[in-house]
Amino acid sequence: MTAQPAPRDDDRGGLRASHDDREAVVEQLRDAAAVGRIDLDELDERLERALTAKTYAELDALTADLPRPPSPADLPPLELSGGYYGASRGPGPWDVPGRVIARGGLAGVKLDFSRARCRFPEVTVEAYGESAGVVIVIPDGWVADTTAVKSGLGGLKDTTTPDRLPGTPLIRVVGSGGMAGVVVRHPNRWERRKLGNDPARA
């Protein structure tokens, strides 16, 4: 039997779409309606077609007249350096780029995705523990891949669960533990209580 060549990107139209592919188009259509690119009647019609689409070609036809959503390459990386005073991002709302660089420095870095807005299926976090360490907090339902982190003297501690919810990003952590290590976890009890009492979440 002759092996078939792998499909190129421009040949993908006939391939079957996944739940995540459909959900991504749904979000793009909702965003387009929110800024007035399509009206509500057209939104309803396109959403119905998106949710029943079976192939990439059917999905692509629904967004062909809309601006392409940003890709990780379009946004500059977020860089955080602990320095002498420490640095953090979150837990308040913030927009996640495709790549984050966190250097613990002398005072540490905390990167909290608890209320982050992320439109990418995968985000790369370069974490370097250095002297004070890096802590990465991801919501329940998000998954981290830490297999590429070099432990260093400080080591790697990953207590996240592998149960990924549909439509959530994969946080791919690379880098090294350095002297103080890298910690990847879900919110602790105090953080959960604080998030639950935050009126912005109501």
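Right above here is the structure, for reference.
About the criteria used
Residues numbered from 1 in each chain as written. Predicted model: local features only at pLDDT ≥ 70, side-chain atom pairs only at ≥ 80, totals over all residues. Heavy atoms only, no water. Pairing = 2+ DSSP bridges. Helix = DSSP H or I, 4+ residues; strand = E, 2+ residues; numbered from the N terminus. Axes fitted to C-alpha atoms, helices over the stretch in contact; angles between N-to-C directions. Core = buried A, V, L, I, M, F, W, Y, C linked by side-chain atoms within 4.5 Å. Buried < 20%, exposed > 50% of the residue type's maximum accessible area, 1.4 Å probe, protein only. Contact = heavy atoms within 4.5 Å. Patch = residues over 30% accessible without salt bridge, like charges linked within 9 Å, V, L, I, M, F, W, Y side chains within 5 Å. Areas by Shrake-Rupley, 256 points an atom, 1.4 Å probe, with all protein chains shown as cover. Salt bridge = Lys/Arg side-chain N within 4 Å of Asp/Glu carboxyl O.

A.B. asks: Just checking my understanding: could you explain the sheet that holds strand β2 (residues 87-89) for this structure?
C.D. replies: Neighbouring strands of a sheet are bound in pairs by backbone hydrogen bonds; such pairs are parallel or else antiparallel. Pairing is parallel across the open sheet formed by five strands, whose spatial order is β2-β4-β6-β10-β8. The open sheet terminates on both sides in strands that have one partner only, identified here as β2 and β8 (156-158). Along the sheet, successive strands turn relative to each other by an average axial angle of 5°, direction set aside. Two strands pair when backbone bridges link them, and β8 and strand β10 (residues 182-185) are joined in this way by three bridges, in the parallel orientation.

A.B. asks: Please explain the nonpolar core as it appears in this structure.
C.D. replies: Note on soluble globular proteins: their nonpolar side chains tend to be buried together. Grouped together as the largest cluster of nonpolar side chains are 24 residues, with contacts concentrated most on Leu111, Phe113, Val125, Ile136 and Ile171. Elements with a minimum of two residues in this core: β1 (78-81), β3 (99-103), β4 (109-112), β5 (122-128), β6 (134-137), β7 (143-150), β9 (170-176) and β10. Among the elements that make up this core, the one with the highest residue count is β5 (three residues). Dropping the residues within four chain positions of it, valine 125 is found in contact with Val100, Leu111, Phe113, Ile136, Ile171, Arg172, Val173 and Val174.

A.B. asks: It is not clear to me how a nonpolar patch on the surface should be interpreted in this structure. Could you clarify?
C.D. replies: On the surface, Tyr84, Tyr85 and Leu106 cluster together into a nonpolar patch covering about 500 Å² of accessible area. Locating tyrosine 84 in the fold gives a position in the loop between β1 and β2.

A.B. asks: Looking at this model, I keep getting lost on the pairing of β4. Mind explaining?
C.D. replies: Here is the key point about a regular strand: its side chains alternate between the two faces of the sheet. Relative to β4, β2 runs parallel, the two sharing three bridges. Along β4, the bridge assignment pairs alanine 87 with valine 109. In terms of strand pairing, β4 meets β6 through four bridges, oriented parallel. Within the sheet, the bridge partner assigned to valine 109 lies in β6 and is valine 134.

A.B. asks: When you look at the pattern of salt bridges in this model, what are you seeing that I'm missing?
C.D. replies: Opposite charge on two side chains lets them pair, provided their charged atoms get close. Enumeration according to the criterion identifies twelve salt bridges in this entry. Among the ionic pairs, lysine 110 bridges to glutamate 191, the shortest N-O distance being 2.6 Å. Of this pair, lysine 110 sits in strand β4 while glutamate 191 is found in helix α4 (residues 189-196), placing the two residues 81 residues apart along the sequence. Exposure remark for lysine 110: the relative accessible area of 30% places this residue in the partly exposed category. Take glutamate 191: its relative accessible area is 6%, and that puts it in the buried class. Where salt bridges share partners, they join Glu42, Arg46 and Asp65 into one cluster.

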